[in-house]
There are 2 protein chains.
Amino acid sequence: MSEIRIDPITGRHVIFAVERDLRPTDLWNLAKEVNPMSELDYVQKCPFCKGNESATPEEILKVPDSEDWKVRVFPNKFPAIKSMDDENMQSSKPHSIYEKYSGIGTHEVIVESPFHNTNYFTMNLEDFTIFIEAMVLRYKAIISNKDIEYVSFFKNHQKLAGASLFHPHSQLIGLNSVPDFVKYEVEGSKTFFDKTHSCPYCHILELELSKKERLIYENEHFAVICPFAPKYKYETWILPKKHLPYFETEDNIDELAKALYFCFKAMYIELGDFPFNMFLHALPKTMKSGEIYYHYHFEINPRLSGNAGFELGTGIYINSIYPEEAAKKLKEALEKEEK
Amino acid sequence: MSEIRIDPITGRHVIFAVERDLRPTDLWNLAKEVNPMSELDYVQKCPFCKGNESATPEEILKVPDSEDWKVRVFPNKFPAIKSMDDENMQSSKPHSIYEKYSGIGTHEVIVESPFHNTNYFTMNLEDFTIFIEAMVLRYKAIISNKDIEYVSFFKNHQKLAGASLFHPHSQLIGLNSVPDFVKYEVEGSKTFFDKTHSCPYCHILELELSKKERLIYENEHFAVICPFAPKYKYETWILPKKHLPYFETEDNIDELAKALYFCFKAMYIELGDFPFNMFLHALPKTMKSGEIYYHYHFEINPRLSGNAGFELGTGIYINSIYPEEAAKKLKEALEKEEK
């Protein structure tokens, strides 16, 4: 018999199989991939390194606005989605089962540091805060565009998390439609609200802040927890304590940066440098009725295993560490550091 | 403007961004991961190699049933889901927002070859057929268990596809519940059926077999296509031409093996050895009303990119090759081979 947990918002199933971590592997224990550039703070061929600014499109934002920038934002040279009407796309034929439409959007790159070999695990809090502030500025600018319905902020760290370039960077994609996964979460939150008259995230926060069983870190405005039914080993969520559906209304940016910073600090102490994705989920502009039951948050999805054929085929995740155990380890790591 | 396609069954959105493949990378072009064991047909430490049978649980099936086996099936030593009541799990507390339940199931490993360095790309058709026959035997045995609702057959090839071991193997997990992704597909098929009075897969087959724009291979009983809105570059689906909801009623196993074999052959000629997942989707036992609108099929999901933060956060996939182009290349690869 195995314990299967259900995420209270999405209904997603997670099987816990603690012994899975004991299984042998001849693929995941190989010496770390050799990247000869990972030791250097400047790489001539890297388009994101300080000094190579001409290799990227002109910047939209530079902080500070000088040669000695710490963060640079510019349009993605190879955008996932285009901003202009530069293709003559044929729309779906009437009565076709195959539907297509024109997506219009924006795709920006945030270079998080001038230095090639920096990352979230090794940055100091001051620099990390400057990056978060720059991200927030661009998020607000993009979401204020009347053609943009949703902004996806995300980070890919290492190849196993889908990163293309080593230099620390994250991305903002503005879309003119609501992404499915966000829609499902908002709908799941409505179902929860209809039953309990409470925002599920507020409800979760109340529980986690009182029981502290899955709480890793908190400050005045934010909490960092391992969720009850995590898809990934050491998955964490960062939530504002106050009920806020939209990210652009968040004022406590310093506290947000601190919460994220200490979360990565804890993970680094416990796990070392490892592949992960981070993303933001917030209420889409046109889903206004969700204002009472949706709550913006960040997710960190470590990519230490999984997303294999079983997960892709079934939507069920297999997790080899209970979140209570993961949270305990991460919390202890942070307490050790503080001493 | 970017072309966004919608999968006719799941409604999933895929953005096409052909230029994305031109973007620079310093992570994906590194020399292939060095696996010193990948050249050998026998590795002493590999639990799946011929001669090391004592390193695995006792086999359930061996074909042929002799020391010179070509395929071996045994229970997974580190199962994702357990078959017995060997834990004292506390069930959810009443009124808790956190639900959990006991999963009971089976988890079997199919060692697809006695040789360490074999794979789908290099196996001959005869050996590949023996493997498929063994898989079908075990699938039928597991699905006939009254406690099993669904059997997930899946394959992980290479680390980027989540494989733990190099030696060629696939897995069968029997579950006592219906996986979400299968449920969504069955529900999507019902919506399609309600509008068109046709099984979506039969409808797709009719279109693809007449237009041949995305058809890679066909034989009397099977078709191999690139779907209209593929999540992954070079994604392919293998479908029986006849409307069959359940996999266990399939009789044309030789033809199925041939379709899969030639699909992998085409991919190998075009792409070389690459990471992929393969899985089977079939109608769950308790969704009998789906018999008229659901159609079993295999999916091959190449893992040449993606499943990064944007995909995990939004559920939208970015594909850099149109399926018409991918199918053309794969079809031409096969035609070249046949000459």
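The name an unreviewed UniProt entry assigns to chain A is UDPglucose--hexose-1-phosphate uridylyltransferase, from the organism Acetoanaerobium noterae.

Please provide a residue-by-residue account of the overall build of chain A, values included.
For chain A, the helix and strand inventory stands at six helices and 14 strands. Compactness check: chain A gives a C-alpha radius of gyration of 21 Å against a globular reference of 20 Å for 339 residues, within 12% of the reference. Seen along its three principal axes, the alpha-carbon backbone of chain A occupies a region of about 55 × 55 × 45 Å. The burial tally for chain A puts 59% of its 339 residues in the buried class. Looking at chain A alone, contacts between residues at least 24 apart form 70% of all its contacts between residues at least 6 apart. As displayed, chain A offers around 13900 Å² of accessible surface, 52% of which is attributable to carbon and sulfur atoms.

Please set out the interface of chain A and chain B residue by residue, giving values where relevant.
Across the boundary between the two partners, chain A contributes 91 residues, which contact 92 residues of chain B. Between chain A and chain B, the buried area comes to about 8300 Å², and carbon and sulfur atoms account for 61% of it. Between the two partners, chain A and chain B, sit four salt bridges. A salt bridge links E19 of chain A to K82 of chain B, with the shortest nitrogen-to-oxygen separation between them at 2.9 Å. Per element, the largest residue contribution to the side of chain A that touches chain B is six residues, and it comes from helix α5 (residues 309–314) of chain A. For the side of chain A that touches chain B, the per-class residue count stands at 45 nonpolar, 25 polar and 21 charged.

So what's going on with the sheet that holds strand β12 (residues 276–281) of chain B? Residues and values would help.
Residue and element names in this part refer to chain B. One open sheet accounts for ten strands, arranged β3-β4-β6-β8-β7-β12-β13-β11-β10-β9; its pairing is antiparallel. The outermost strands of the open sheet, each flanked by one partner alone, are β3 (61–63) and β9 (215–218). Pairs of neighbouring strands in the sheet enclose a mean axial angle of 15°, with direction left out of account. In this structure, strand β7 (residues 150–157) lies alongside β12, joined through four bridges in antiparallel fashion. Counterpart to N156 in the pairing with β12 is N277.

Before we move on, could you go through unusual backbone geometry and cite the residues and values that matter?
All names here are of chain A. Note that the residue after V63, namely P64, is joined by a cis bond; omega there is -10°. Tracing the backbone shows P64 in the loop between β3 (61–63) and β4 (71–75). Despite not being glycine, Q158 has its phi angle at roughly 80°, a positive value. Position of Q158 relative to the elements: it lies in the loop between β7 (150–157) and β8 (169–175). Among the residues examined, Q158 registers a relative accessible area of 26% and is labelled partly exposed. Not every positive phi belongs to a glycine, and H197 is a case in point at roughly 60°. Note on placement: H197 falls in the loop between α2 (180–196) and α3 (200–211).

With reference to specific residues and values, describe the domain arrangement of chain A.
Residue and element names in this part refer to chain A. Its domain assignment divides chain A into domain 1 (1–31 + 180–339) and domain 2 (40–82 + 101–177). The C-alpha centroid of domain 2 is placed 23 Å from the C-alpha centroid of domain 1. Between domain 1 and domain 2, the residue contacts involve 32 residues of the former and 30 residues of the latter. Together, Y261, F276 and K285 form the three largest contributors to the area buried by domain 1 at its contact with domain 2, with a combined 22%.

Can you lay out the UniProt feature "binding site: Zn(2+)" (unreviewed entry) in chain A for me, pointing to particular residues and giving the numbers?
All names here are of chain A. In the numbering used here, UniProt assigns the feature "binding site: Zn(2+)" (unreviewed entry) to C46, C49, H116 and H167. Over a stretch of 122 residues, the named residues converge on one spot in the fold, their C-alpha atoms separated by at most 7.9 Å. Here C49 lies in the loop between β2 (13–16) and β3. If sequence neighbours within four positions are ignored, C49 has contacts with D41, Y42, V43, W69, P114, H116 and H167. Inspection of the secondary structure puts H116 in the loop between β6 (106–111) and α1 (125–143).

Explain the packing of aromatic side chains to me, and be specific about the residues and the numbers.
Residue and element names in this part refer to chain B. Scanning the model with the defined rule gives 60 aromatic pairs over all chains in all. An angle of 40° between the planes, with centres 5.8 Å apart, marks the rings of Y120 and F276 as tilted. Highlighted residues: Y120 in the loop between β6 (106–111) and α1 (125–143) and F276 in strand β12, separated in sequence by 156 residues. For Y120, a relative accessible area of 2% corresponds to the buried category. When the ring centre of F16 is taken as origin, the NZ or CZ atom of R5, which lies over that ring, is 5.0 Å away. A cation over an aromatic ring shows up here: R72 above the ring of W69, its NZ or CZ 5.8 Å from the ring centre.

Break down the UniProt feature "binding site: Fe cation" (unreviewed entry) in chain A for me, with residues and values.
Residues and elements named next belong to chain A. In the numbering used here, UniProt assigns the feature "binding site: Fe cation" (unreviewed entry) to E185, H281, H295 and H297. Judged by maximum C-alpha separation, these annotated positions cover 113 residues in sequence but sit close together in space, the widest gap being only 11.4 Å. By secondary structure assignment, the location of E185 is in helix α2. Accessibility expressed as a relative area gives 6% for E185, which makes it buried.

Residue-level account of the relation of the copies chain A and chain B, with values.
In the superposition of chain A on chain B (RMSD 0.0 Å, axial shift 0.0 Å), the rotation amounts to 180°. Viewed as a symmetry operation, the transformation between the two copies matches a two-fold axis. The residues that chain A uses at the interface reappear at the interface of chain B in 100% of cases, marking a shared surface.

So what's going on with α2 of chain A? Which residues, and what values?
With 17 residues, α2 of chain A should cover 24 Å at 1.5 Å per step; its first-to-last C-alpha distance of 24 Å lies within 8% of that length. Along α2 of chain A, the positions that sit buried rather than exposed are D180, V182, E185, V186, G188, S189, F192 and F193 of chain A. Each element contacted by the buried residues of α2 of chain A is listed here: β7, α3, β12 (276–281) and β13 (297–302) of chain A together with β2 (13–16) and α5 (309–314) of chain B. Within two residues after α2 of chain A, H197 of chain A carries a phi angle of roughly 60°, on the positive side.

Conventions we followed
- Residues numbered from 1 in each chain as written.
- Chains lettered and ligands numbered in written order.
- Predicted model: local features only at pLDDT ≥ 70, side-chain atom pairs only at ≥ 80, totals over all residues.
- Heavy atoms only, no water.
- Helix = DSSP H or I, 4+ residues; strand = E, 2+ residues; numbered from the N terminus.
- Rg over C-alpha atoms; globule rule 2.2 N^0.38 Å.
- Buried < 20%, exposed > 50% of the residue type's maximum accessible area, 1.4 Å probe, protein only.
- Contact = heavy atoms within 4.5 Å.
- Areas by Shrake-Rupley, 256 points an atom, 1.4 Å probe, with all protein chains shown as cover.
- Buried area = accessible area lost by both parts, 1.4 Å probe.
- Salt bridge = Lys/Arg side-chain N within 4 Å of Asp/Glu carboxyl O.
- Nonpolar A, V, L, I, M, F, W, Y, C, P; charged D, E, K, R; others polar.
- Pairing = 2+ DSSP bridges.
- Axes fitted to C-alpha atoms, helices over the stretch in contact; angles between N-to-C directions.
- Domains from an automatic or database assignment.
- UniProt positions renumbered as here; feature names shortened; annotations may be inferred.
- Phe/Tyr/Trp six-rings, centres within 6.5 Å; stacked < 30°, edge-to-face > 60°.
- Lys NZ or Arg CZ within 6 Å of the ring centre and 35° of its normal.
- Least-squares fit on C-alpha atoms with pLDDT ≥ 70 in both.
- Expected span 1.5 Å × (residues − 1).

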